[in-house]
Amino acid sequence: MTLTVKNTVVGFVGIGVMGKSMAGHLLKAGYPVRVYNRTKVKAEDLLKQGAVWEETIAGLAANCNVIITMIGYPKDVEMVYLGDDGLLKNASQGTYFLDMTTSSPELAIRIYQEAKTKNMQALDAPVSGGDVGAKEARLAIMVGGEPEAFAAVRPILELMGKNIVLQGAAGAGQHTKMCNQIAIASNMMGVCEAMAYAKRSGLDPKLVLQSIETGAAGSWSLSNLAPRMLAGNFEPGFYVKHFIKDMKIAIESAQQMGLDTPGLQQAIKLYEQLASQGEEDSGTQALFKLYQ
């Protein structure tokens, strides 16, 4: 079946910092959108834009043929998809699932296999780009699943992101996201140390940033998060607690493959120290506080 605005009802589970913007883009494109979130108040803006509230995940599953999840932890993903009142036991044959949560590759494979037995299609499609990327619909989306299913849902993905790549079979999207998070983990330490060094040496950190962000040191974190650090803005584009979750998944997956990741190991130590100081709900750029 070719998915169009006329024959598609999108369900969206998880109206958080990023999910709210992502669901909003679907509404603006004309898709009927039904939403579920543990706290209804977070969905109020979407409801004003025309989204329909669902009281339960089971109810949402029964009324939608494309379902997107953007939630917190692998245990949440497992419950939402595989629980008795979850998506797979209550959706209809032919439903497409897009889990855009950063979660376990092994869990993504389980969900895909279970969906397949019910004549449904599940893709793991985690994203990168933070709150800004979500608002501006230019997320990087890393997908694992069958090519035919990817082709069917691609028009929906294109409303939320720009760099959309099918990385391979089920689980490949999550493995790619682990590569992304591993790269960010060490990079964030470098960004913090560079800005701390600039301040300690008596330089104007903003001028330093102007010079180095377009050179070999350039990165998304340097250009987007270093200015927030310097401004004392530690509001979450991506939560510290969720980054720690991602790093734990990456460490576990790397260990299963016999891969040593010393940069990642050091980064998670620092972030856990930061979280222990009450910063787990801050943005990842709050790591800078340890260097001040």
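Structure first, text after, so check above.
First, a word on what this report is: a plain description of the structure on this page. (Residues numbered from 1 in each chain as written. Predicted model: local features only at pLDDT ≥ 70, side-chain atom pairs only at ≥ 80, totals over all residues. Heavy atoms only, no water.)

**Overview of the overall build of the chain**
In step 1: What the chain contains, in helices and strands, is 13 helices and nine strands.
In step 2: Taking 292 residues into account, the globule formula puts the C-alpha radius of gyration at 19 Å, and the chain, at 20 Å, falls close to it.
In step 3: Projected onto its principal axes, the C-alpha positions of the chain cover 60 × 45 × 35 Å.
In step 4: By residue count, 53% of the 292 residues in the chain fall in the buried class.
In step 5: Within the chain, contacts between residues at least 6 apart in sequence are counted, and of these 65% link residues at least 24 apart. (Helix = DSSP H or I, 4+ residues; strand = E, 2+ residues; numbered from the N terminus. Rg over C-alpha atoms; globule rule 2.2 N^0.38 Å. Buried < 20%, exposed > 50% of the residue type's maximum accessible area, 1.4 Å probe, protein only. Contact = heavy atoms within 4.5 Å.)

**Here we look at the pairing of strand E2 (residues 33-36)**
In step 1: Of the pairings in the sheet, the one linking strand E1 (residues 10-13) to E2 comprises four bridges and is parallel in character. Each bridged residue has a counterpart across the sheet, and for Val10 the counterpart in E2 is Val33.
In step 2: Two elements, E2 and strand E3 (residues 52-53), share two bridges in a ladder whose sense is parallel. In the strand pairing of E3, Arg34 is matched with Val52. (Pairing = 2+ DSSP bridges.)

**Some details on helix H1 (residues 19-28)**
Since the α-helix packs 3.6 residues into each turn, any two residues three or four apart lie on the same face.
In step 1: Most of H1 sits inside the fold, with eight of its ten residues counted as buried.
In step 2: Turning to H1, its buried residues number three or more, namely Gly19, Ser21, Met22, Ala23, Gly24, His25, Leu26 and Leu27.

**Side note on helix H8 (residues 172-200)**
In step 1: Taking 1.5 Å per residue as the helical rise, H8 with its 29 residues ought to reach 42 Å, and the 42 Å between its terminal C-alpha atoms agrees with that figure.
In step 2: One or two residues past the end of H8 sits Gly202, with phi positive at roughly 90°. (Expected span 1.5 Å × (residues − 1).)

**Section: the side chain of Ser253**
In step 1: Mapped onto the elements of the fold, Ser253 is located in helix H12 (residues 240-256).
In step 2: Residue Ser253 is classed as buried on the basis of its relative accessible area of 5%.
In step 3: Excluding residues within four positions of it along the chain, Ser253 makes contact with Pro105 and Glu106.

**Description of the packing of H8 against helix H13 (residues 262-279)**
In step 1: Interhelical geometry of H8 versus H13 gives an angle of 65° and a closest axis separation of 9 Å. Relative to H13, H8 is oriented so that their crossing is left-handed. Only Gly263, Leu264, Gln266, Ala267, Leu270 and Tyr271 of H13 make contact with H8, whose side of the interface consists of Ile182, Ala185, Ser186, Met188 and Met189.
In step 2: Grouping the amino acids of the contact of H8 with H13 by side-chain chemistry returns eight nonpolar, three polar and no charged. (Axes fitted to C-alpha atoms, helices over the stretch in contact; angles between N-to-C directions. Left-handed = near helix turned anticlockwise from the far one by under 90°. Nonpolar A, V, L, I, M, F, W, Y, C, P; charged D, E, K, R; others polar.)

**A short note on the pattern of salt bridges**
In step 1: For the structure shown, the criterion picks out 13 salt bridges.
In step 2: Here Lys245 and Asp246 are joined by a salt bridge, their closest N and O atoms 2.8 Å apart. The two residues Lys245 and Asp246 agree in class, both being buried. (Salt bridge = Lys/Arg side-chain N within 4 Å of Asp/Glu carboxyl O.)

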